Amino acid sequence: MSLISRLAAVLLLLAVFVVPARADDGAALQGAWQLQSGEFINAEGALVDYASQKLAGTKLLADGRFAFTTTSDGKFWAGGSGTYRAEGNRYVESPLMASYPLENGGSYEFRYTLEGDVWTLERWHGERRVEREVWKRAPASR
């Protein structure tokens, strides 16, 4: 792991623990999540399946804060941390740090469903779905 990658990882962790918590009604979302599947619309307008990119990810949510890392074929692909809020079927992430340029003023709004230990997120631009992710709650470790 390069020095820059190590520094990025440390900064992500600091952001998660230093940012004050926000009130939210997404207590059921707190915990660790593992990416199961997903798809997004790329810059050319084509649908890209996460499996074709060999994407794997972990997301942690606690007290209004989130952090995630994503790998592609075992190599770092993206990461970020910041705050989140969940209201009704709406989930909004506001990254404070990210390994990618932020869009939409730095907030990402999703529609979500939570069915048992499966959390599905969908991001829309108007009538077009531009991203879909399916996460599964990570088993508790002892």
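One structure accompanies this document, and this report is about it. (Residues numbered from 1 in each chain as written. Predicted model: local features only at pLDDT ≥ 70, side-chain atom pairs only at ≥ 80, totals over all residues. Heavy atoms only, no water.)

1. Remarks on the pattern of salt bridges
Alright, step 1. Applying the stated criterion across every chain yields a total of eight salt bridges.
Alright, step 2. Across the salt bridge formed by Arg137 and Asp117, the nearest N and O atoms sit 3.4 Å from each other. Taken as a pair, Arg137 in strand 9 (residues 128–137) and Asp117 in the loop between strand 7 (108–115) and strand 8 (118–125) lie far apart in primary sequence, 20 residues in all.
Alright, step 3. A relative accessible area of 23% places Arg137 in the partly exposed class.
Alright, step 4. On the accessibility criterion, Asp117 (42% relative accessible area) is partly exposed.
Alright, step 5. A salt bridge links Arg123 to Glu131, with the shortest nitrogen-to-oxygen separation between them at 2.8 Å. You'll find Arg123 and Glu131 in the same group, each marked buried.
Alright, step 6. Each of Glu39, Glu122, Arg129 and Arg132 takes part in a single network of salt bridges with overlapping partners. (Salt bridge = Lys/Arg side-chain N within 4 Å of Asp/Glu carboxyl O. Helix = DSSP H or I, 4+ residues; strand = E, 2+ residues; numbered from the N terminus. Buried < 20%, exposed > 50% of the residue type's maximum accessible area, 1.4 Å probe, protein only.)

2. Here we look at the pairing of strand 3 (residues 55–62)
Alright, step 1. Only one face of strand 3 is buried, namely the one carrying Leu55, Gly57, Lys59 and Leu61, since none of Ala56, Thr58, Leu60 and Ala62 on the opposite face is buried.
Alright, step 2. As paired elements, strand 1 (residues 31–41) and strand 3 share four bridges and run antiparallel to each other. The partner of Trp33 across the bridge, within strand 3, is Lys59.
Alright, step 3. Of the strand pairs in this sheet, strand 3 and strand 4 (residues 65–72) are connected by eight bridges, and their pairing is antiparallel. Within strand 4, the residue paired with Ala56 across the bridge is Thr71. (Pairing = 2+ DSSP bridges.)

3. Examining the nonpolar core
Alright, step 1. The biggest cluster of nonpolar side chains holds 18 residues, and the ones touching the most others in it are Leu29, Leu61, Tyr91, Tyr112, Trp119 and Leu121.
Alright, step 2. Among the secondary structure elements, those contributing two or more residues to this core are strand 1, strand 3, strand 4, strand 5 (75–87), strand 7 and strand 8.
Alright, step 3. If we ignore the near neighbours within four places in the chain, the residues touching Trp119 are Leu29, Trp33, Lys59, Leu61, Tyr91, Tyr112, Thr113, Leu114, Glu133, Val134 and Trp135. (Core = buried A, V, L, I, M, F, W, Y, C linked by side-chain atoms within 4.5 Å. Contact = heavy atoms within 4.5 Å.)

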